[in-house]
Amino acid sequence: MQGDDAELTTAVLAAQTGDETAFRTVYRSVHPRLLGYVRTLVGDPDAEDVTSEAWLQIARDLDRFSGDADRFRGWAARIARNRALDHIRMRGRRPVIGGDETELSGRPADSDTASEAMESLATDSTLSLIARLPQDQAEAVVLRVVVGLDAKTAAETLGKRPGAVRTAAHRGLRRLAELLGEDPDATAALDALPPPREPQGRAVSSAGVTHTRSRTQKDM
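- With an unreviewed UniProt entry as reference, the protein is termed RNA polymerase sigma factor, source organism Streptomyces sp. SID12501.
- Recorded in UniProt under Sequence similarities (unreviewed entry), the annotation for the protein is "Belongs to the sigma-70 factor family. ECF subfamily."

### Digging into the overall build of the protein
So, step 1. Scanning the protein from N- to C-terminus turns up 10 helices and two strands.
So, step 2. Its helices and strands in sequence order give the protein the pattern α-α-α-α-α-α-α-α-α-α-β-β, from N to C terminus.
So, step 3. In the protein, buried positions account for 49% of the 220 residues.
So, step 4. Contacts in the protein between residues far apart in sequence, at least 24 positions, make up 67% of those at least 6 positions apart.
So, step 5. For the protein, the accessible surface area stands at approximately 10,500 Å², while carbon and sulfur atoms represent 49% of it.

### Digging into the confidence of the model for the protein
So, step 1. Per-residue confidence for the protein gives a mean pLDDT of 74; residues scoring 70 or more make up 65%.
So, step 2. Contacts of residues 184-192 to residues separated by more than four positions or lying in other chains number 13 contacts, the stretch itself having pLDDT below 50.

### Here's the deal with the environment of Asp19
So, step 1. Here Asp19 shows up in the loop between α1 (3-15) and α2 (20-42).
So, step 2. A distance of 3.0 Å separates the side chain of Asp19 from the backbone nitrogen of Ala22, its partner in a polar contact.

### What to know about the environment of Ile130
So, step 1. Here Ile130 lies in helix α6 (residues 126-130).
So, step 2. A residue is classified by how much of its surface remains accessible, and Ile130, at 0% relative accessible area, is buried.
So, step 3. The sequence separation of Ile130 and Leu176 amounts to 46 residues, and the corresponding C-alpha distance is 7.0 Å.

### Examining the pattern of salt bridges
So, step 1. Inspection of every chain in the model, using the stated rule, returns eight salt bridges.
So, step 2. Residue Arg73 is joined to Asp5 by a salt bridge in which the shortest nitrogen-to-oxygen separation is 2.9 Å. With Arg73 in helix α4 (residues 69-91) and Asp5 in helix α1, this residue pair connects regions lying 68 residues apart in the sequence. For the pair formed by Arg73 and Asp5, the shared burial category is buried.
So, step 3. Arg83 is paired through a salt bridge with Asp86; the nearest N and O atoms lie 2.7 Å apart.

### Overview of the side chain of Glu139
So, step 1. With respect to the helices and strands, the residue Glu139 is situated in helix α7 (residues 135-147).
So, step 2. A polar atom in the side chain of Glu139 sits 2.7 Å from the side chain of Arg81.

Conventions and cut-offs
Residues numbered from 1 in each chain as written. Predicted model: local features only at pLDDT ≥ 70, side-chain atom pairs only at ≥ 80, totals over all residues. Heavy atoms only, no water. UniProt positions renumbered as here; feature names shortened; annotations may be inferred. Helix = DSSP H or I, 4+ residues; strand = E, 2+ residues; numbered from the N terminus. Buried < 20%, exposed > 50% of the residue type's maximum accessible area, 1.4 Å probe, protein only. Contact = heavy atoms within 4.5 Å. Areas by Shrake-Rupley, 256 points an atom, 1.4 Å probe, with all protein chains shown as cover. pLDDT = per-residue confidence, 0-100. Polar contact = N/O pair within 3.5 Å; in protein donor to acceptor, adjacent residues only side chain to side chain. Salt bridge = Lys/Arg side-chain N within 4 Å of Asp/Glu carboxyl O.

In structure tokens form, the structure reads like this:
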């Protein structure tokens, strides 16, 4: 298990016992990525409110969660997606996203690996470009690249097969390259995106916490 994943897993376990400092660690690690995902779904004006609603549910249901860092990110993303889809149904349509994505790299605490990964997203235009993709491609790209889920966990979040998510992410990234190619000054935005997480083998311990085996190299 990578260091940042081990830290998040430990923090989740501690937060489940009521440790408020551990819960703040979980929040700092996951919130910027979750906010980026929600922005893709509902747009900038409403993303903060929807993400806050998701965190209220995450805090309320945390004691029922069982798993490691990967599973927690997927679980949190499913909750956020459900809150976002409820919001969209109330409003009636998916918005066009624009404007300020500075909170993706803003962070309220000392630097850590997750925050540094978010810094590498770099450009204000990246999520606006992702929002121009078909929704299935946009969600696949954000879940795999921004939230950091492997294909299997992203598929569970979306209720799809892993192969379908890999295909959507591949097509989305290819279309992003085309969009960036139309603006030579913006080509660094795609290069700034961190690579998708590779799927990991899992083994569940008697304590109910999922531990990882070595990564396998697979195509998106």
